[in-house]
Amino acid sequence: MAPTSSPFAPWDGDREQAVALASLLRRVGGTAGVHIYELEALADGAYRCRVWIGQAVESLLGGIPPGMDAEAAWEHCVHADDRAAYDDTWQRMCAGEHTQLEYRMVGFDGRVRWLWERCTPRVAEARDRLERLAYHDPLTGLPNRRHFTERLRNRLGSAERLAVLFVDLDGFKAVNDGHGHAAGDALLQEVGRRLRDAAGEALVARLGGDEFLLVSDGESGAALAGRVSEQLRRPYQVAGRRLDLGCSIGVALHPRDGITVDELVRAADAAMYREKQAARAA
């Protein structure tokens, strides 16, 4: 259960003050882990750690799988029940708000750890970085569902005809179960690259997990689906292993299958599910 008030006092001092605070918290908290850190977002999208007191970031995440960087690992470990609050905090940061948040991390070692973060936007570069995080998937770099929804809603106001594709990988769970989450994440990154190549002028986004969305107003849904299927069915090389996956693609057309974002995404999802069921029955 989340504590009713945070044991961490707001900190605006220098490193010596932070060390003293950390020492006090360790004495009060006993065996509780204490980390104090300050990150500066740079213009190129990287982070620079200005202050870090406590054990390495791996201690908060229960280790980091080989091949995964710290930023992707952090995003992966945010507790599912706290994801909405976590994402909302980033969005408020993009608006220039000072925020604080208590949330859980589920480490790669299976342990759940509580974190308290106090976030202060300071420079334009940081705001640009936070805005990118609010609109893009941190693992693949693709636009996220929020970005996709806003772009599709804008297109609905002017386009006479649109095709929305819902793409789901077949067999992805077996990759995670058989080869580990690091291999699964590497596979999703490669899928993201292939979708960019196949999309052409179409918008492509990651919905979540192994699900992706595309929208096109420049070509038929069938033509785009064929190109996507061809790209995603080619063999993958992940961590020195060959992996073969299929994919299921559902297509919804505007205005035939819907006139709103939600209607079109639901229709494309339903069409994808019908294709998946038909493939299993064959």
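Residues numbered from 1 in each chain as written. Predicted model: local features only at pLDDT ≥ 70, side-chain atom pairs only at ≥ 80, totals over all residues. Heavy atoms only, no water.

Q: Got a minute to help me understand the overall build of the chain in this structure?
A: The helix and strand tally for the chain stands at 10 helices and 10 strands. Put simply, 59% of the contacts in the chain that link residues at least 6 apart link residues at least 24 apart. As displayed, the chain has an accessible area near 15,100 Å², and 49% of this comes from carbon and sulfur atoms. (Helix = DSSP H or I, 4+ residues; strand = E, 2+ residues; numbered from the N terminus. Contact = heavy atoms within 4.5 Å. Areas by Shrake-Rupley, 256 points an atom, 1.4 Å probe, with all protein chains shown as cover.)

Q: Is there a simple way to explain the confidence of the model for the chain in this structure?
A: In the predicted model, the chain carries a mean pLDDT of 79, and 75% of its residues have values of at least 70. The low-confidence segment residues 1-13 (pLDDT under 50) makes 24 contacts with residues lying over four places distant or belonging to another chain. Note on residues 24-32: pLDDT is under 50 here. Beyond four places in sequence and across chains, it has seven contacts. (pLDDT = per-residue confidence, 0-100.)

Q: Just checking my understanding: could you explain the pairing of strand β3 (residues 99-106) for this structure?
A: Within a regular beta strand, the side chains point alternately toward one face of the sheet and then the other, so they alternate between its two faces. Residues Thr99, Leu101, Tyr103 and Met105 line the buried face of β3, whereas the alternating positions Gln100, Glu102, Arg104 and Val106 sit on a face that is not buried. Relative to strand β4 (residues 112-119), β3 runs antiparallel, the two sharing eight bridges. Within the sheet, the bridge partner assigned to Glu102 lies in β4 and is Trp116. (Buried < 20%, exposed > 50% of the residue type's maximum accessible area, 1.4 Å probe, protein only. Pairing = 2+ DSSP bridges.)

Q: Help me understand the side chain of Asp185, please; the structure alone is not making it clear to me.
A: Within the fold, Asp185 resides in helix α8 (residues 181-199). For the buried residue Asp185, which engages in no salt bridge, the nearest side chain bearing the opposite charge is Arg206, 5.7 Å off. Residues within four places of Asp185 in sequence aside, it is in contact with Met68, His76 and Leu139. (Lys, Arg positive; Asp, Glu negative; His and termini not counted. Salt bridge = Lys/Arg side-chain N within 4 Å of Asp/Glu carboxyl O.)

Q: Which parts of the structure should I look at to understand the pairing of strand β7 (residues 211-216)?
A: The buried fraction of β7 amounts to five of the six residues, a majority that puts the element mostly inside the structure. The pairing of strand β5 (residues 162-170) with β7 spans six bridges and is classified as antiparallel. Its bridge partner being in β7, Ala163 is matched across the sheet by Ser216. The pairing of strand β6 (residues 203-208) with β7 spans five bridges and is antiparallel. Within β7, the residue paired with Val204 across the bridge is Leu214. As consecutive antiparallel partners, β6 and β7 are separated by two residues, and within that stretch Gly209 has a phi angle of approximately 55°, a positive value.

Q: I keep staring at helix α7 (residues 172-179) and nothing clicks. Help me out?
A: Side chains of residues three or four places apart in an α-helix project in the same direction, reflecting 3.6 residues per turn. Burial in α7 covers these residues: Phe172, Val175 and Asn176. Down the axis of α7, the sector holding all buried residues measures 95°, keeping them to one side. Facing away from the buried side of α7 by over 90 degrees, the exposed positions are Lys173, Ala174, Asp177 and Gly178. In the core, the buried residues of α7 are packed alongside β5, α8 and β9 (241-243). (Arc of directions from axis to C-beta.)

Q: Looking at this structure, I do not really get the packing of α8 against helix α9 (residues 221-232). What am I missing?
A: Axis angle and axis distance: for two packed helices, these are the angle between their axes and the distance between the axes, and together they describe the pair. The interhelical angle for the contact between α8 and α9, taken along N-to-C directions, is 145°, at an axis separation of 9 Å. As for how α8 packs across α9, the hand of that crossing is right-handed. Between α8, through Val191, Arg194, Leu195, Asp197, Ala198 and Ala199, and α9, the contact on the second element is made entirely by Leu224, Arg227, Val228, Gln231 and Leu232. Across the contact of α8 with α9, the residue classes tally to seven nonpolar, one polar and three charged. (Axes fitted to C-alpha atoms, helices over the stretch in contact; angles between N-to-C directions. Left-handed = near helix turned anticlockwise from the far one by under 90°. Nonpolar A, V, L, I, M, F, W, Y, C, P; charged D, E, K, R; others polar.)

Q: Teacher, can you tell me more about the pattern of salt bridges here?
A: Pairs can form between side chains of opposite charge once their charged atoms are near each other. Evaluation of the coordinates by the stated rule reveals 13 salt bridges. Note that Asp137 is salt-bridged to Arg206, the shortest N-O span being 3.1 Å. Of this pair, Asp137 sits in the loop between α5 (124-135) and α6 (145-156) while Arg206 sits in strand β6, placing them 69 residues apart in sequence. Since its relative accessible area comes to 12%, Arg206 is described here as buried. Three or more residues joined by partner-sharing salt bridges are found here, namely Glu75, Arg83 and Asp87.

Q: What should I look at first to understand the packing of aromatic side chains in this one?
A: A ring pair, where both rings are aromatic, is described by two values, the distance of the centres and the angle of the planes. Summed over all chains, the structure comprises one aromatic pair. Ring geometry for Tyr86 against Tyr103: centres 5.1 Å apart, planes inclined by 65°, an arrangement best described as edge-to-face. One end of the pair, Tyr86, is in helix α4 (residues 83-94); the other, Tyr103, is in strand β3, and 17 residues separate them in sequence. Take Tyr103: its relative accessible area is 0%, and that puts it in the buried class. The ring of Tyr236 has Arg194 lying over it, and the distance from NZ or CZ to the ring centre is 3.8 Å. (Phe/Tyr/Trp six-rings, centres within 6.5 Å; stacked < 30°, edge-to-face > 60°. Lys NZ or Arg CZ within 6 Å of the ring centre and 35° of its normal.)

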